[in-house]
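# Close look at the chain arrangement
One-letter residues, chain by chain:
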Amino acid sequence: MNATLLPLVFHPHYSIPFPAGHRFPMGKFGLLAKALREQGILTDENEYTPEPLSLSLLMSAHQKEYVQRFIRGELTKQEEKEIGLPWSEWLVERTLRAVSGTILTSELALQHGLACHLAGGTHHAHPSHGSGFCIFNDLAVAAHAMIESGKAKKILILDCDVHQGDGTIVFFKDRTDIIPVSWHCEENYPQNKQTDGINIGIPKSANDQEYLSILKNTLPVILAEHQADFIFYDAGVDVHQDDRLGYVNLTDQGILERDKYVLETCVELKLPTACVIGGGYDRQEEKVARRHSLLHQAANQVWQAYF
């Protein structure tokens with residue numbers, strides 16, 4: 001592999017056969033890879049493919065019985081409804097593979113300083129159940145694995161998805177070595193917000209300037225106070241003005257600036273940073289894939305400037 005290029009993690013199984021017209025844009029992952037190849041950011045030289053997931057690693061973070069029931073297709077109708085994705089063997093494969101992808105991204109970030117996943121950010125999944133299109137919490141599993149293996153001593157999970165990372169907060173509410181930070185729209189899903197962790201409210205309809213001002217006033221303070229040695233960054237694009245589920249009004253340029261700001265701030269402090277794409281919703285999957293590519297464009301610019 002070419003260490004002079006930004007490491008990117010992808011697997012063709014991230015996009016699976018899925019019911020047409022479903023609210024979750026399952027095709028966006030493959031379309032994101034296609035867009036990044038067209039942009040010259042993803043090449044054969046810097047594409048890393050995750051192995052199948054270690055179930056013992058998954059079960060050391062998630063409740064064992066929940067993991068087993070999901071894999072066997074034994075979730076109740078209500079549990080499936082809470083998740084919002086129709087169960088299939090394909091869904092099991094893609095879910096496990098994507099969690100493995102975030103773990104691989106964290107290992108590459110540790111090795112090279114910065115790495116990006118073309119999936120991940122399933123932050124509504126709780127230890128014992130899934131919710132809001134999230135089955136297992138890849139951020140929680142990967143952060144837990146890094147601490148348990150001694151690869152990191154203190155981790156900050158910086159979550160800029162428009163929705164609160166409520167599941168991630170539940171995982172780590174009693175811990176001081178993994179700190180979840182959530183910048184999210186105050187009036188949005190989930191209805192019942194978690195109060196643990198660090199929560200920074202973004203007003204409904206905030207534009208680029210308002211959003212970036214809040215971010216720049218809070219991120220450096222949080223980094224200085226917590227002195228982490230590893231960062232996970234969830235770059236949800238559901239903050240976009242055209243997102244179906246967002247309620248915040250960022251432009252493409254605003255998202256690019258947000259991502260560049262977060263990555264530059266972390267990289268300047270020599271903090272290894274692993275990025276995931278988080279949420280993004282549009283009936284036209286190509287559009288949402290292009291929005292997600294802004295993270296990889298920003299990361300590529302930061303990579304060329306700093307590495």
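Residues numbered from 1 in each chain as written. Predicted model: local features only at pLDDT ≥ 70, side-chain atom pairs only at ≥ 80, totals over all residues. Heavy atoms only, no water.

### Some words on helix H8 (residues 208–226)
- In this model H8 runs 27 Å from its N-terminal to its C-terminal C-alpha over 19 residues, within 8% of the 27 Å that 1.5 Å per residue would give.
- Along H8, the residues classified as buried are Asp208, Tyr211, Leu212, Ile214, Leu215, Thr218, Leu219, Ile222, Leu223 and His226.
- Looking at the buried residues of H8, the elements they touch are strand E4 (155–159), strand E5 (178–185), strand E6 (198–202), strand E7 (230–234) and helix H9 (252–268).
- With a side-chain oxygen lying 3.2 Å from the backbone nitrogen of Gln209, the N-terminal cap of H8 falls on Asn207.
- Positive backbone phi, approximately 50 degrees, marks Gln227, located one or two places after H8. (Helix = DSSP H or I, 4+ residues; strand = E, 2+ residues; numbered from the N terminus. Expected span 1.5 Å × (residues − 1). Buried < 20%, exposed > 50% of the residue type's maximum accessible area, 1.4 Å probe, protein only. Contact = heavy atoms within 4.5 Å. Polar contact = N/O pair within 3.5 Å; in protein donor to acceptor, adjacent residues only side chain to side chain.)

### Digging into helix H5 (residues 89–112)
- A rise of 1.5 Å per residue sets the reference length of H5, with its 24 residues, at 34 Å; its end C-alpha atoms lie 34 Å apart and thus fit the reference within 8%.
- With 18 of its 24 residues buried, H5 lies for the most part within the structure.
- Looking one or two places after H5, you find Gly113, whose phi comes out positive at around 105 degrees.

### Digging into unusual backbone geometry
- Here Phe133, not a glycine, exhibits a phi torsion of approximately 65 degrees, which is positive.
- Position of Phe133 relative to the elements: it lies in the loop between strand E3 (114–117) and helix H6 (138–148).
- The class of Phe133 is buried, set by a relative accessible area of 16%.
- In this structure, Tyr247 is a non-glycine residue whose phi angle is positive, near 70 degrees.
- Topologically, Tyr247 is positioned in the loop between E7 and H9.

### Regarding the pairing of E5
- Extensive coverage of E5 is indicated by the burial of 8 of its 8 residues.
- Side chains Ile178, Pro180, Ser182 and His184 project from E5 onto one buried face, and the interleaved Ile179, Val181, Trp183 and Cys185 project onto a second face that is buried too.
- Sheet analysis places E4 next to E5, joined by 5 bridges and oriented parallel. If you follow Asp159 over to E5, its bridge partner there is Ser182.
- Handedness of the crossover joining E4 and E5 through helix H7 (residues 166–172): right-handed.
- Alignment of E5 against E6, held across 5 bridges, turns out to be parallel. From the neighbouring strand, Trp183 faces E6, where its bridge partner is Ile200. (Pairing = 2+ DSSP bridges. Right-handed = clockwise from strand over helix to strand, strands pointing away.)

### A short note on the side chain of Asp259
- Here Asp259 is to be found in helix H9.
- Here Tyr233 takes part through its side chain, which lies 2.5 Å from a polar atom of the side chain of Asp259.

### Concerning the pattern of salt bridges
- Taken as a whole and assessed by the stated rule, the structure comprises 10 salt bridges.
- The shortest N-O distance in the salt bridge between Arg97 and Glu93 comes to 3.0 Å. Of the two residues, Arg97 and Glu93 are both situated in helix H5; the distance of 4 residues between them amounts to about one turn of the helix.
- The closest approach of N and O atoms between Asp177 and Arg175, which form a salt bridge, is 3.0 Å.
- A residue is classified by how much of its surface remains accessible, and Arg175, at 24% relative accessible area, is partly exposed.
- A cluster of three or more residues bridged by salt bridges with shared partners is formed by Lys34, Glu38 and Arg290. (Salt bridge = Lys/Arg side-chain N within 4 Å of Asp/Glu carboxyl O.)

### Overview of the packing of aromatic side chains
- Enumeration over the complete set of coordinates arrives at 11 aromatic pairs.
- An angle of 90 degrees between the planes, with centres 5.4 Å apart, marks the rings of Phe70 and Phe136 as edge-to-face. Here the residue Phe70 occupies a position in helix H3 (residues 64–72), and Phe136 occupies one in the loop between E3 and H6, the gap between them amounting to 66 residues. Accessibility classification places Phe70 together with Phe136 in one group, the buried group.
- A ring pair is formed by Phe133 and Tyr281, whose centres lie 5.9 Å apart and whose planes are at 40 degrees; its orientation type is tilted. Here Tyr281 lies in the loop between strand E8 (273–276) and helix H10 (285–306) and Phe133 lies in the loop between E3 and H6, a separation of 148 residues in the sequence. (Phe/Tyr/Trp six-rings, centres within 6.5 Å; stacked < 30°, edge-to-face > 60°.)

### Describing the nonpolar core
- Within the largest apolar cluster, 103 residues are counted, with the highest numbers of intra-cluster contacts made by Ile155, Leu158, Trp183 and Phe232.
- Per-element tally for this core: the top contributor is H5, with 9 residues.
- Apart from the residues lying within four places of it in its own chain, the contact partners of Phe232 are Thr102, Ser106, Leu139, Ala142, Ala143, Met146, Ile155, Leu156, Ile157, Leu158 and Ala274. (Core = buried A, V, L, I, M, F, W, Y, C linked by side-chain atoms within 4.5 Å.)

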